[in-house]
Amino acid sequence: MYLPKLYTQFAQNYPDIQEKYKQLAEVCRAAGPLDAKVQELVMLGIAVGVNSRGGVMSHTRKALAAGVTQEEITHAILLSLTSSGFSNMMAAMNWADEVFEQGKP
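For clarity, every value in this text was computed on a predicted model and none was experimentally measured.

(A) Region of interest: the overall build of the protein chain. Tallying secondary structure elements over the protein chain gives 7 helices and 0 strands in all. Of the regular secondary structure in the protein chain, the N- to C-terminal order runs α-α-α-α-α-α-α. The C-alpha radius of gyration computed for the protein chain amounts to 14 Å, which stays within 12% of the reference 13 Å derived for 105 residues, consistent with globular compactness. Across the 105 residues of the protein chain, 25% fall into the buried class. For the protein chain, restricting intrachain contacts to residue pairs at least 6 apart in sequence, the fraction spanning at least 24 positions comes to 60%. Split by element, the accessible area of the protein chain, about 7,000 Å² in all, is 61% carbon and sulfur.

The structure is reproduced here in structure tokens:
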């Protein structure tokens, strides 16, 4: 799976923090009944809401890997229109499209 250079550098510079962060994420994912697809759509929605390019792209990739379709991802982003605004939603659509394009041969 793709990892941004900044993330890999952080993991190299602070391996203990990165490992604890990874463990916390795993514990949070295992703490409830949501399956991987739903978890990724939730995380994508949060990333859209905070206008995080890296988060949207990362969770778009993870959602695709979990079996979420491009149409489902696009719909999840479209749902953000009324809560996070048109500009924010359009930016997220663009970032997700970048990921979709990267996946094409």
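Next comes the rest of the account.
(B) Fine view of the packing of helix α5 (residues 70-78) against helix α7 (residues 86-102). Where α5 contacts α7, the axes come no closer than 9 Å and their chain directions differ by 165°. Here α5 is positioned roughly antiparallel relative to α7, judged by the angle of their axes. The interaxial crossing formed by α5 with α7 has right-handed handedness. Across the interface between the two elements, Gln70, Ile73, Thr74, Ile77 and Leu78 of α5 pack against Met89, Ala92, Met93, Ala96 and Phe100 of α7. Among the residues making up the contact of α5 with α7, the classes are represented as 8 nonpolar, 2 polar and no charged.

(C) Main features of a nonpolar patch on the surface. Judged by side-chain polarity, Leu34, Val38, Val42, Met43, Ile46 and Val50 come together as a nonpolar surface patch covering roughly 500 Å² of accessible area. Its location among the elements puts Ile46 in helix α3 (residues 36-49). A relative accessible area of 49% means that Ile46 is categorised as partly exposed.

(D) Examining the pattern of salt bridges more closely. Under the criterion given, the structure shown has 2 salt bridges. The partner of Glu98 in a salt bridge is Arg53, with the nearest N and O atoms 2.7 Å apart. Linking Glu98 in helix α7 with Arg53 in helix α4 (residues 53-65), this pair joins segments that are 45 residues apart in sequence. You can call Arg53 partly exposed: its relative accessible area is 41%.

(E) Looking closely at the nonpolar core. Leu44, Val48, Val56, Ile73, Ile77 and Ala92 are the most contacted members of the largest nonpolar core, which totals 16 residues. Contributions of two or more residues to this core are made by α3, α4, α5 and α7. It is α7 that contributes the most residues to this core, 7 residues altogether. Filtering out sequence-adjacent residues up to four positions away, Ile73 remains in contact with Leu41, Leu44, Thr60, Ala63, Leu64, Val68, Ala96 and Phe100.

So, how was this worked out
- Residues numbered from 1 in each chain as written.
- Predicted model: local features only at pLDDT ≥ 70, side-chain atom pairs only at ≥ 80, totals over all residues.
- Heavy atoms only, no water.
- Helix = DSSP H or I, 4+ residues; strand = E, 2+ residues; numbered from the N terminus.
- Rg over C-alpha atoms; globule rule 2.2 N^0.38 Å.
- Buried < 20%, exposed > 50% of the residue type's maximum accessible area, 1.4 Å probe, protein only.
- Contact = heavy atoms within 4.5 Å.
- Areas by Shrake-Rupley, 256 points an atom, 1.4 Å probe, with all protein chains shown as cover.
- Axes fitted to C-alpha atoms, helices over the stretch in contact; angles between N-to-C directions.
- Parallel < 35°, antiparallel > 145°, perpendicular 65-115°, else oblique.
- Left-handed = near helix turned anticlockwise from the far one by under 90°.
- Nonpolar A, V, L, I, M, F, W, Y, C, P; charged D, E, K, R; others polar.
- Patch = residues over 30% accessible without salt bridge, like charges linked within 9 Å, V, L, I, M, F, W, Y side chains within 5 Å.
- Salt bridge = Lys/Arg side-chain N within 4 Å of Asp/Glu carboxyl O.
- Core = buried A, V, L, I, M, F, W, Y, C linked by side-chain atoms within 4.5 Å.

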